[in-house]
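# Inside the fold
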Amino acid sequence: MSNPHKAAVIGWPLTHTLSPVIHSHWMATHGVDGVYEKMPVAPDDLGSAINKMKMEGYVGFNITVPHKEMIIPHLDIVAPLARLMGAVNTVKIDENGVITGFNTDGIGLVANLQKSVASWPKDKPALVLGAGGAARAAALGLLNEDLPFVMISNRTREKAETVAAEVGRGRMVVIDWNSRHEAAASSGLIVNTTVLGMHGNPALDVDLSRAGKDTVVYDIVYQPLITPLLNEAAERGLRTVTGLGMLVYQAAAAFKIWFDIMPEYDDVLKERLEAVFR
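The rules we used
Residues numbered from 1 in each chain as written. Predicted model: local features only at pLDDT ≥ 70, side-chain atom pairs only at ≥ 80, totals over all residues. Heavy atoms only, no water. Helix = DSSP H or I, 4+ residues; strand = E, 2+ residues; numbered from the N terminus. Rg over C-alpha atoms; globule rule 2.2 N^0.38 Å. Buried < 20%, exposed > 50% of the residue type's maximum accessible area, 1.4 Å probe, protein only. Contact = heavy atoms within 4.5 Å. Areas by Shrake-Rupley, 256 points an atom, 1.4 Å probe, with all protein chains shown as cover. Salt bridge = Lys/Arg side-chain N within 4 Å of Asp/Glu carboxyl O.

Let us now look at the overall build of the chain. If you tally the helices and strands in the chain, you get eleven helices and twelve strands. For 278 residues, the compact-globule formula gives about 19 Å, and the C-alpha radius of gyration of the chain, at 19 Å, lands near that figure. Once the C-alpha set of the chain is aligned to its principal axes, its extents read approximately 60 × 40 × 35 Å. A burial count over the chain gives 53% of its 278 residues as buried. Taking contacts inside the chain between residues at least 6 apart in sequence as the whole, the part at least 24 apart equals 67%. Of the roughly 12600 Å² of accessible surface on the chain, 52% is carried by carbon and sulfur atoms.

With that settled, consider the pattern of salt bridges. The full count for this structure, using the stated rule, is eleven salt bridges. For K124, the salt bridge identified is with D214, shortest N-O distance 3.9 Å. Residue K124 is found in the loop between α5 (105–116) and β7 (126–129), and its partner D214 is found in the loop between β10 (189–192) and β11 (216–219); the two are separated by 90 residues along the sequence. With a relative accessible area of 37%, D214 lands in the partly exposed category. In this structure, R180 and D205 form a salt bridge, with 3.5 Å as the shortest nitrogen-oxygen distance. With R180 in helix α8 (residues 180–185) and D205 in the loop between β10 and β11, this pair connects stretches of sequence that are 25 residues apart. Several salt bridges share partner residues, and in doing so they unite K6, K52 and E56 into one network.

Here is the structure:
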């Protein structure tokens, strides 16, 4: 009999995570004998935690803050997309103990958008707010769409300029943070990749009053599921996309990396996840 497959999510602190709900459901659905664990790992313990999982035969693990960048020196191989993004959210440990880092955030972000709204105004630019790993994921995904260009705005302009230079392919425009309201008015898609609006953080301040009626507003924050930004957008009659689907679709890509199975976001999983927010 083969040993049960083991996978995990690591982060610090690791209080609220839906990853065990998602992956445990898919393991059961697809007959994968194994467990998916929640594993708090302090930054100073990252190397030893990776060695422990390697020695104990884990197939891999997901990574959340603050380890997405810190883990890169601990890896044997970094996939090209993860290298470009400068961050890793999924690790595979093969049967020879080789540790490879991937980033599935961009896949999840774009898949969630495409499955949540049929279309958005692609004759207008998109506006990405933030300049972290999720902003890079958003930029890389949106640049593959037929948009005139992508705008990026961050409270620290230099960080936005770095993203534009490294992943923009000449089609990203950096907008001053104090000009974000005007940029929102001319955008067909507005994507918040900052922590503003998350539980414990102030709301994102962006003026939606001049946004076109066909504008889509996307917030990757999913705690709360309906952020102040999405609530205002809905009140103005704009279409909205929550961050929950991004979490699920990036997890699906990770599951495929580990088990060579592409799982579905089925009704049972959707009900289980949405129940968390009731």
